[in-house]
Amino acid sequence: MAEEHYLELSENPVQFEHASSVNNVFFDEANKQVFAVRSGGATGVVVKGPDDKSSVAFRMDDKGEVKCIKFSIGNKILAVQRTSKSVDFINFIPDYPHTEFTQECKTKNASVLGFCWTSWNEIVFITDQGIEFYQVFPDKRSLKLLKSQSINVNWYQYCPETAVILLSTTVQGNVLQPFAFRNGTMTRMTKFEIELPVVPKPAKLTLSERDIAMATIYGQLYVMYLKHHSRTVNSPGAEVVLYHLPREGACKKSHVLKLNTTGKFALNIVDNLIVVHHQSSQTSLIFDTRLKEPDCAVNTHQPVLPARSIHPYRIPLSGPAAVPSQPPVPCQLYSSSWSVFQPDIIISASEGYLWYLQVRLPPTVHLLQDKGKLMDFLLRRRDCKMVILSVCSQILDGQEKGSLPVVATVFDKLNQVYKEYLEAEQSYTAAMESGPSRGGGAQKRPVRTQAVIDQSDMYTHVLSAFTERKDVSHKFIIAVLMEYIRSLNQNQITVQHYLYELVIKTLVQNNLFYMLHQFLQYHVLSDSKPLACLLLSLESTYPPAHQLSLDMLKRLSTANDEIVEVLLSKQQVLGALRFIRSVGGHDNVSARKFLDAARQTGDQMLFYTVFRSFQQRNQRLRGNPSFNPGEHCEEHVAHFKQLFGEQALMKPTTV
């Protein structure tokens, strides 16, 4: 079962003093900080952030029970709410006065429900009668009201990533009014109504704060509503309804997630997946709003995978009571003392732990049988590269009938993402070369995510090992290679020569020269210099390869002397000589270049043949076999004498 847990708690949780009668625990969603406040702060406040570097410890006067405590962004100013009328502030900026200063809410008879920092020196008070937006002046120890709005408020939620506050209004609480904050401005967004399963009579507060969450999914802000089924209606189970909240324009109901069960739920967002925890069954479900269900109405989603529990977690024992031999204690998952925060945080105040929820991709491979859907799922995840490559290797494992169409589907999905990245890279390069655009700001360089699986990835991790396998028929190997090349061509991606080399190598190993000839004749394998060189090296196994190679080089409009260079670099010295004769350039080539190449091979007979060939050329052109001083061949003449003796040199023939 262990390999089936696709969710886990982070290995190194943030640890803090657990909640008790003397220690109150608070969590700030904006800075992701846990505050442990002992005795109202008199015996100490310890603040733990996502990493150990952001830990802060201090004391403050006990002026009553702390209702809410949060640092502004960057830990510059601390705000503490102790009463329903005001908020106290303490400077944490070096060289600023540390004495507390207080701000009362402006609205008479209003109660402060809470507050949110929107920048290092801007704060919003939410009261039961509206919101008040302030700028804080730490040097003057005062606040200035920037803007306020009167509206009856039941409760509020804040999304720090987008700086949007959501207010629950009206008697039933189901009319939600969002406000956006940016650089000292407050914008009232379009209000919207949550559809309740049953309208109570007489009207009373029905929409609970527990059933609403805000989160960014695939770069868009959503309000998530946990819609419990009505007891009167014969409903199959609860749903999560997603409302898309754009910066401008109306908020629309956009997705419905079917939970197919009832009970207590909690929501997290991990890697753009919506995770729904179900307390009574102690399992979680995951949903991906980008995966379309073929047999469902538009934007209605079933869970991507079967329900599974979070991976078991063991709490390591520490402190003086810890005995080395004592095993770690299993942590009670889905505990009623757990608090879940957006996007991916789970806190156990009673145990003193803050975890980040994480997705484990390898178990999803076996749980999602449809490989096309699996690819769609994996390509949208953060750390997906090695899992995707392992899936590619797995689908090539099975030679069951019908696996080639599956392979083709997977290749097409990978190459679609690869193509989009290449196109983005090209347009970025073109934009950089053409200089800054008049209209907009600088274009951002496209980010290469792990979903971009290029040809070298496929070659290194999948295809080269696959072609070496002895238990797979060569026909299937060639079919797979050609399928990958077809997919690249279909997506207009230039195929790298090493993939063609893999095809040729496989064909040659299996003596499929007829097929090789056909592939080249019908240009299934695109012309390239490295490919031509590979063909040259096959001449001893397959003699027509020499001519096929030269034809390819000529088609590439390669200059004759360049072809000679290519052949010599591949130590095809006789091939180069034959080629230069065939194009009538033998009389003008440098003898030294050929003799250098022949000598480098270490083949004495080859050196003899080439040396003799140029002596014959000299005899024919000048009536004397010896080399002119300008040809700089003295070193090679000496080497020839050393190997074969002076008598082996050609003597001038007189007519």
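Residues numbered from 1 in each chain as written. Predicted model: local features only at pLDDT ≥ 70, side-chain atom pairs only at ≥ 80, totals over all residues. Heavy atoms only, no water.

Colleague: Give a description of the overall build of the chain that names residues and reports values.
Modeller: Along its length, the chain carries 15 helices and 32 strands. In summary, the chain has a C-alpha radius of gyration of 37 Å against a globular reference of 26 Å for 655 residues, an excess of more than 25%. A principal-axis box enclosing the C-alpha atoms of the chain has dimensions of 130 × 65 × 65 Å. Within the chain, buried positions represent 49% of all 655 residues. Once local pairs closer than 6 in sequence are excluded, the contacts in the chain between residues at least 24 apart make up 52%. (Helix = DSSP H or I, 4+ residues; strand = E, 2+ residues; numbered from the N terminus. Rg over C-alpha atoms; globule rule 2.2 N^0.38 Å. Buried < 20%, exposed > 50% of the residue type's maximum accessible area, 1.4 Å probe, protein only. Contact = heavy atoms within 4.5 Å.)

Colleague: Quick one: what's the story with helix H3 (residues 385–397), residue by residue and with numbers?
Modeller: Under the 1.5 Å per step criterion, the end-to-end length of H3 is 19 Å for 13 residues, consistent within 8% with the ideal 18 Å. Where H3 is concerned, the buried positions are Lys 385, Val 387, Ile 388, Leu 389, Val 391, Cys 392, Ile 395 and Leu 396. Turning to H3, the residues buried within the fold contact helix H1 (362–367), helix H2 (371–378), helix H4 (403–433), helix H5 (455–467) and helix H6 (474–490). (Expected span 1.5 Å × (residues − 1).)

Colleague: Lay out the environment of Asn 260 with the relevant residues and their values.
Modeller: When you line up the elements, Asn 260 lands in the loop between strand S23 (252–258) and strand S24 (265–270). Judged by its relative accessible area of 46%, Asn 260 falls in the partly exposed class. For the pair Asn 260 and Leu 531, spaced 271 residues apart in the sequence, the C-alpha separation amounts to 57 Å. For Asn 260, the contacting residues outside a window of four places in its chain are Pro 236, Ala 238, Gln 302 and Pro 303.

Colleague: Requested: an account of the packing of helix H14 (residues 604–622) against helix H15 (residues 634–644), with residues and values cited.
Modeller: One way to put it is that H14 packs onto H15 with a least axis distance of 11 Å and a crossing angle of 125°. Relative to H15, H14 is oriented oblique. For the pair H14 and H15, the crossing hand works out as left-handed. Facing Gln 604, Phe 607, Tyr 608 and Phe 611 of H14, the residues of H15 in contact are His 636, Val 637, His 639, Phe 640, Leu 643 and Phe 644. (Axes fitted to C-alpha atoms, helices over the stretch in contact; angles between N-to-C directions. Parallel < 35°, antiparallel > 145°, perpendicular 65-115°, else oblique. Left-handed = near helix turned anticlockwise from the far one by under 90°.)

Colleague: Kindly report on the packing of aromatic side chains, identifying the contributing residues and their values.
Modeller: All told, the structure shown has 25 aromatic pairs when counted by the stated rule. Through a chain of ring-to-ring contacts, the aromatic side chains of Phe 607, Tyr 608, Phe 611, Phe 627, Phe 640 and Phe 644 assemble into a single cluster. The ring of Phe 115 has Lys 70 sitting right over it, with the charged end atom 5.2 Å from the ring centre. (Phe/Tyr/Trp six-rings, centres within 6.5 Å; stacked < 30°, edge-to-face > 60°. Lys NZ or Arg CZ within 6 Å of the ring centre and 35° of its normal.)

Colleague: Tell me about the nonpolar core, and name the residues and values.
Modeller: If you look at the biggest cluster of nonpolar residues, it comprises 113 residues, and the most contacted ones within it are Met 458, Leu 463, Leu 516 and Phe 594. The dominant element in this core, judged by the number of residues it contributes, is H6, at 9 residues. Two domains share this core, each providing at least three of its residues, namely domain 1 (161–308) and domain 2 (569–654). Setting aside its immediate chain neighbours within four residues, Leu 463 contacts Leu 396, Met 458, Val 480, Leu 481, Tyr 484, Leu 499 and Leu 502. (Core = buried A, V, L, I, M, F, W, Y, C linked by side-chain atoms within 4.5 Å. Domains from an automatic or database assignment.)

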